[in-house]
Amino acid sequence: MGLSGSGVALLVFLGLCTAAVSSWTTPPPPPPEMLHESFAGKSEFRTVNRRRLGVCSNPSPYLAISVSTGGAPLPDEAFVTVTVAGVLRPDADDWVAMITPSNYSSVAGCHLSGANYVQTGDLAHLPLLCHYPVKAQYLTRDPGYLGCKTAACQKRVASGACSVRTCAATVTFHVVNFRTDVEFVLFSGGFRTPCVLQRSGALRFANPASPLYGHLSSTDSTATSVSTSSPTVVSSFILRRFSAKATALRQLYLSAGSMHWVLPDEAYLGERRSEAAAGSVRSRKSATSQVATFTQNDMCSSPLLPSPAKDFGWHDPGYIHTAVMTGLQPSQSYTYRYGSDSVGWSDTNEFRMPPAAGSDETSFVIYGDMGKAPLDPSVEHYIQTGSISLAKAVAKEIQTGKVDSVFHIGDISYATGFLVEWDFFLNLIAPVASRVPYMTAIGNHERDYAESGSIYVTPDSGGECGVAYESYFHMPAVSKDKPWYSIEQGSVHFVVMSTEHKWSEKSEQYNWMNQDLSSVNRSRTPWVIFIGHRPMYSSHVGIPVNVDPIFVASVEPLLLKYQVDLVFFGHVHNYERTCAVYRSICKGEPKKDASGIDTYDNSKYTAPVHAIVGAGGFSLDKFPKIVLNKWSLSRVSEFGYARVHATRGDMLVEFVSSSTMEVRDQFRIVKPDPARRLRNQPVQP
C-alpha cells in the first residue's frame, strides 16, 4: 500500500548564480478592467511565430518603446507598463509582443522547409518569425490610441504651429522571472502579416538566479507501509541554468542548494514563530537539494511532425531542485525557506503536515484540467479562462487551515510544448502549492505524443511527453515515466493511476494497481479513493470520445473487486456525479438524509461512485439537453472543484463554484465503524 501518515514534503524551485538577490514581493493586483472577460482556447496568435515576417513600409522615425521600470532591472514578478510613442499613423493592426530570450525576435536560424511547421497548422512561406512570443497585446487595448488621445509634437514650423504630431499608447504586461532577459517588440500588420517596427532592447531580471516557485508534495509509494514516526515532505524549487562559461560555479552551486525548516519544540510552541525568525539553532534543520533539469534533446518529436517543445516553443527550464524534509509530525505546522547563500533565499513559508494514516479524519480539495490564464489583457497560445478564479478560491480554502492536501488530476499547465508557460503556471499555484502538499496525476496534455510510448497517439503534450511534468512535480511514483502511486492520509487510501500509460491486464501498471488495492488495511484506512485523468463515465458527447470502453473493461472490475468507495476523474471539463455504478448499471442509489443531502449507504457495498471534476479552468463542456444515462445523477457545467472531508464513517463531498464559492452539489457516503468490517472482502461482479 502507499504512504502511511502525513508522508513526505517535497519542494521544487528555479535560478542563476549571482551575488545578490532582491526580496520577492507580490505585485499589486491589476485593476479589474485588465482581467479577462473570456478567451477561448486558441486564437490566430497561436501560429504567429510561423507567419511571414514582412518589411514595414515607411516606419515612423520617431518610434520609441519605454518600460515603466525606468531602466531598473525587473523584479521576480511585476505588472509593467509599456508605452509606445512616436506613432505617425495609429493602426488597429499595431501590436506589442513580449519575447524571451530577447534575441529570439529575429528570423535567423529558421528551418528552410515549411513542412517543419506542419504541426502548428501554419504553412506560410519563409522567412518566418523564429520564436514564439510569450504573450501579446494590440495597442487598441489603450482606448485612446486610434483617436490619438495622447499626442506629442515632434516638429514645429516657424510660427510655432505643430507640423508633425505623433501618437502614443500604453499597455500593461504581467511579467514573472523567466531567468532569461525580456524584450518588448512593436509589430504592425496584425498577427497574420506581422512586420517589426521597433524593439525595446533587452530587459534583465534583478536576480535571474532567484529561487522560485517552491511547492510541496507528500511522498513514498512502495506498496508497503511507511512509519508515521518520521513523516517527510518533499519540496521542489527552480533555479536558472548556468551558461557554459560558468561550469565551475555551477558545480559549486549545485552542491550548495538547500532548504531550511523549523521543528517546533513542544515546550516552546508559543514561541515557534519567533524562534524561526531568530534562526534558532536548536529547532532548525536543513537538507541539501538534489538537482535535475531537462534539455531540448529530451523533448519528443518526429521527422514529419516536429513538436513545439523541440523547436520554437522551447525555453530553458533552469535547474529543478528537490529536497526532503524529515522529522516532521502529522498535523503539525512548520516554516521553511529554500535557496542558498550564493543566490539568496526565498521568503519564509509555512505549511502543515497532513494527518497520519489511520487517524480519524482528513480534508482535501481535488480538481483537474486547470491550466493558466494571463493576469493582464494579453493573448497567449492557450488560455484556460477559469484557472484564475479557481486559484483564488483554493487559496482561500487553504487559508482556513482546514485543507490537508490538494489533488490536481491531469492537464496541469497546458503548456503543451511552450515551456515558458510552466513558469506562469507555477507562479499561479504558488500560494497553494507552497502551503500544502500539491499532489498530481498525469494527463494527456502532459504525456501524449506519437512514438513516445503513450497509449493514446495524439500530439496533445506538444512534444513534452511527460518530461516537463515529471521534472516539476515529484510524486511518489514507482519510477521514471511510471507515474502511478498511492498515499494514505487520515482515513483515506488514495490510489493515483496514469490513464496515459498501459493499464491493460498483465501490464505493469495493472499489476501494481491490483497489488496495491489488495493490500489496503481497511481497519486503518476505511475509505479507498481511486484517481485518474480520463473518465469511465461521462454524459458529454465529445470528439474524440471521452470514454475509452477498453479502459473501462480493463480497470473497472478492479474497482468493484476491492470495494473502491469513490472515483475521481477529469479530462471532461465539467462536473458530473453518478449513482453507485458498475458496467453502466446503477447498483445503488443515494437517499436524502435529514439535511436533504444525497447519501450513499456503503454498509452493504454495491459499487463505486464516480465524479468528474475536470472544471478547473479549461473552457467548459456543456451537457446535452436530454441525458438518457440513468447512472448520471448530478451535472454542473461551471468552473469549480470538489471539497472532501472524510471521517472514519462519513465522507462528505461538495462541488464548489470557484467564482462564488457556493456549493453546487453535495453528497455523502457512509459506512459503519470499519474496524468491525471484514478486511477487503471481495465482491463478485
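Since the model is a prediction, treat every value here as computed from it, not as a measurement.

(A) Quick look at the sheet that holds strand 5 (residues 135-138). The strand order across the open sheet formed by four strands is 5-4-8-9, and the pairing between neighbours is antiparallel. Of all the strands in the sheet, just strand 5 and strand 9 (195-199) have a single pairing partner and so form its edges. Averaged over all pairs of adjacent strands, the angle between strand axes in this sheet comes to 30°, irrespective of strand direction. Both strand 4 (residues 95-99) and strand 8 (residues 183-188) contribute to a ladder of five bridges, which runs antiparallel. Directly across from Ala97, in strand 8, lies its bridge partner Val185.

(B) The arrangement of the pattern of salt bridges in detail. Tallying each qualifying case throughout the model produces 23 salt bridges. Ionic pairing is found between Arg577 and Asp598, a salt bridge with its closest N-O pair at 3.1 Å. Residue Arg577 is found in strand 26 (residues 575-582), and its partner Asp598 is found in strand 29 (residues 598-601); the two are separated by 21 residues along the sequence. Of the two residues, Arg577 and Asp598, neither departs from the other in class, the shared state being buried. Put simply, Lys592 and Asp598 hold a salt bridge, and the shortest N to O gap is 2.8 Å.

(C) Molecular detail of the packing of helix 7 (residues 508-518) against helix 8 (residues 549-561). With their axes 10 Å apart at the nearest point, helix 7 and helix 8 run at an angle of 5° to one another. Between helix 7 and helix 8, the angle falls in the class roughly parallel. Note on element contacts: helix 8 touches helix 7 through Ser554, Val555, Leu558 and Lys561, opposite Tyr510, Met513, Asn514 and Leu517. Across the contact of helix 7 with helix 8, the residue classes break down as five nonpolar, two polar and one charged.

(D) Local environment of helix 7. Residues of helix 7 that are buried: Gln509, Tyr510, Trp512, Met513, Asp516 and Leu517. Here the buried residues of helix 7 occupy an arc of 160° about the axis, which is enough to place them on one side. Summarising the contacts, the buried residues of helix 7 are in contact with strand 22 (485-489), strand 23 (492-496), strand 24 (527-531) and helix 8.

(E) Here's a closer look at the state of the cysteines. Applying the stated criterion to the full structure yields five disulfides. Sulfur-sulfur distance for the disulfide between Cys56 and Cys195 comes to 1.8 Å. On the sign convention where negative is left-handed, the bridge of Cys56 and Cys195, at about 105° about the S-S bond, is right-handed. Taken together, the residues Cys56 in the loop between strand 1 (9-13) and strand 2 (64-67) and Cys195 in strand 9 connect sequence positions 139 residues apart. Cys195 shares its class with Cys56; the two are buried. Sulfur-sulfur distance for the disulfide between Cys148 and Cys167 comes to 2.0 Å. Linking Cys148 and Cys167, the disulfide has an S-S dihedral of approximately -105° and is accordingly described as left-handed. With Cys148 in the loop between strand 5 and strand 6 (151-156) and Cys167 in strand 7 (residues 162-176), the pair connects residues that are 19 residues apart, well separated along the chain. One exposure class covers both Cys148 and Cys167, and it is buried.

Procedures and definitions
Residues numbered from 1 in each chain as written. Predicted model: local features only at pLDDT ≥ 70, side-chain atom pairs only at ≥ 80, totals over all residues. Heavy atoms only, no water. Pairing = 2+ DSSP bridges. Helix = DSSP H or I, 4+ residues; strand = E, 2+ residues; numbered from the N terminus. Axes fitted to C-alpha atoms, helices over the stretch in contact; angles between N-to-C directions. Salt bridge = Lys/Arg side-chain N within 4 Å of Asp/Glu carboxyl O. Buried < 20%, exposed > 50% of the residue type's maximum accessible area, 1.4 Å probe, protein only. Parallel < 35°, antiparallel > 145°, perpendicular 65-115°, else oblique. Contact = heavy atoms within 4.5 Å. Nonpolar A, V, L, I, M, F, W, Y, C, P; charged D, E, K, R; others polar. Arc of directions from axis to C-beta. Disulfide = S-S within 2.5 Å.

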